[in-house]
Amino acid sequence: MSEHTVVDAEGRTVSTVPTARHRRFLAQLARDHYLEGRSKVEIGKTNGLSRFQVARLLQEAVDTGVVTITIEADTGEENDLAERIADDLGLRSVVIVDIPDAAEASQQMGRAALSLVGRQARAGMRIGLSWSRTLDSAAAFTPALPRCTIVQLAGALRLESHHPSSEIFTRLGQDPAVNMVRLPAPLLVTEAETADDLRALPEISGTLAAADDLDLAVVSVASWAEGLSSVWEKCSPAQRRAGIDDGAIAEVSGRLFDAAGADVTTIDDRVIAVTLDQLRRAATTVGVARGAERARAVRAACAAGILDIAVIDRALAEAVLAEAAPDEEEP
């Protein structure tokens, strides 16, 4: 993450990566200005800053994702598409993310998911976040949350295609308003006996139990196929094939399921993560997915009853809609 120049609450200019405290300060200034209608001069007097310093801080809030700007003009067609997909999948709502720069696709999807968390979060909530490359790539845009508990639903995976990182949980843990419940274990281990031993540890069993009563959960939805699942990368060829033979087409936090949404337990004995039943019991579960090739996986996750909201890119939205359209009869 690159460093940048900011002005702190005392008016000093420093070069730093924004901390949780600084992001909370930015959020307060933004609320005062954009929601309460206070002028930059008023805000400056309250915080001992000049109006120019306040202006720079408000711009930083936009640049770092503390504030997001949505233009509502001409959104009728976009809303209609999201509503049609939500109706087809039986979801409360769908968020469609436009991705103009493919190189930043993962970060943009993660940013959209974290923005949704920021909008949904309320004081006293228990929020579960499953580790994923998508959320971790957007860690710099972690929202300033009200006082709440964050439960890590799955551990990070060490992948050849991705440098191991859990920055999203590190940043959340730095926020004094957040009670961070970490899961100090990998998502997948080699032997079932190892998984049993780890689950028996109080610090792990306690975290897994904390996922029993979630107000909000955020997970990534993957296809059980090469290049479309982080867990697939960590399994042997025999285990991959066994999952397919057992009917698996999709995966969420290492938990497999088939096209009808039924649990597939092929690798469950080696997984240390939230269960599908725990996600089903959550008040609201958000699924994040990208790419047309994951359309069947998203549909399966809806059939499994584990999703209430989907955050998807336009390519996936169009693929889901195409699947829903009846085949044209040939002449």
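Residues numbered from 1 in each chain as written. Predicted model: local features only at pLDDT ≥ 70, side-chain atom pairs only at ≥ 80, totals over all residues. Heavy atoms only, no water.

Draft legend 1. The overall build of the protein, seen in detail. Scanning the protein for helices and strands turns up 14 helices and 13 strands. Counting across all 331 residues of the protein, residues that qualify as buried make up 49%. Of all intrachain contacts in the protein linking residues separated by at least 6 positions in sequence, the fraction that spans at least 24 positions is 69%. As presented, the protein carries roughly 15,900 Å² of accessible surface, and 48% of it is formed by carbon and sulfur atoms. (Helix = DSSP H or I, 4+ residues; strand = E, 2+ residues; numbered from the N terminus. Buried < 20%, exposed > 50% of the residue type's maximum accessible area, 1.4 Å probe, protein only. Contact = heavy atoms within 4.5 Å. Areas by Shrake-Rupley, 256 points an atom, 1.4 Å probe, with all protein chains shown as cover.)

Draft legend 2. Local environment of the packing of helix H1 (residues 20–35) against helix H3 (residues 51–63). Packing of H1 against H3 brings their axes to within 9 Å, and their N-to-C directions diverge by 110°. As summarised for this structure, H1 and H3 are arranged roughly perpendicular, according to the angle between their axes. Contacts from His-22, Phe-25, Leu-26, Leu-29, Ala-30, His-33 and Tyr-34 in H1 reach Leu-57, Leu-58, Glu-60, Ala-61 and Val-62 in H3. Considered class by class, the residues forming the contact of H1 with H3 number nine nonpolar, two polar and one charged. (Axes fitted to C-alpha atoms, helices over the stretch in contact; angles between N-to-C directions. Parallel < 35°, antiparallel > 145°, perpendicular 65-115°, else oblique. Nonpolar A, V, L, I, M, F, W, Y, C, P; charged D, E, K, R; others polar.)

Draft legend 3. Fine view of H3. Between its first and last C-alpha atoms H3 spans 18 Å; for 13 residues at 1.5 Å apiece the expected length is 18 Å, and the two agree. When we look at burial in H3, the residues that qualify are Gln-53, Val-54, Leu-57, Leu-58, Glu-60 and Ala-61. For H3, the buried positions fall inside an angular range of 155° around the axis, keeping them on one side. Looking at H3, the residues exposed on the side facing more than 90 degrees away from the buried face are Phe-52 and Asp-63. (Expected span 1.5 Å × (residues − 1). Arc of directions from axis to C-beta.)

Draft legend 4. Inspection of the pattern of salt bridges at higher detail. The tally for this structure, following the rule as stated, stands at 14 salt bridges. Of the charged contacts in the structure, one is a salt bridge between Asp-175 and Arg-24, with a shortest N-O distance of 2.8 Å. Placement of the pair is Asp-175 in the loop between helix H7 (167–173) and strand S6 (178–181) and Arg-24 in helix H1, with a sequence separation of 151 residues. Since its relative accessible area comes to 5%, Asp-175 is described here as buried. (Salt bridge = Lys/Arg side-chain N within 4 Å of Asp/Glu carboxyl O.)

Draft legend 5. Local environment of the packing of aromatic side chains. Summed over the entire model, instances satisfying the criterion amount to one aromatic pair. Pairing Trp-224 with Trp-232 gives two aromatic rings, centres 5.2 Å apart and planes at 75°, and the pair type is edge-to-face. The burial state of Trp-224 is the same as that of Trp-232; both residues are buried. (Phe/Tyr/Trp six-rings, centres within 6.5 Å; stacked < 30°, edge-to-face > 60°.)

Draft legend 6. Structural context of the side chain of Thr-149. In this fold, Thr-149 is placed in strand S5 (residues 148–154). A polar atom in the side chain of Thr-149 sits 3.4 Å from the side chain of Asn-179. If sequence neighbours within four positions are ignored, Thr-149 has contacts with Met-125, Arg-126, Ile-127, Asn-179 and Val-181. (Polar contact = N/O pair within 3.5 Å; in protein donor to acceptor, adjacent residues only side chain to side chain.)

Draft legend 7. Here's a closer look at the sheet that holds strand S10 (residues 255–257). Here we have four strands laid out as an open sheet, ordered S8-S9-S10-S11, and antiparallel in their pairing. Bordering the open sheet on either side are strand S8 (222–223) and strand S11 (263–264), each of which pairs with just one other strand. Examined bridge by bridge, S8 and strand S9 (residues 250–252) share two bridges and lie antiparallel to one another. Across the sheet, Ser-223 pairs through a bridge with Ala-250, a residue of S9. Most of the contacts of helix H13 (residues 295–303) go to S10, to which it runs at about 95°, and overall it touches S8, S9 and S10. (Pairing = 2+ DSSP bridges.)

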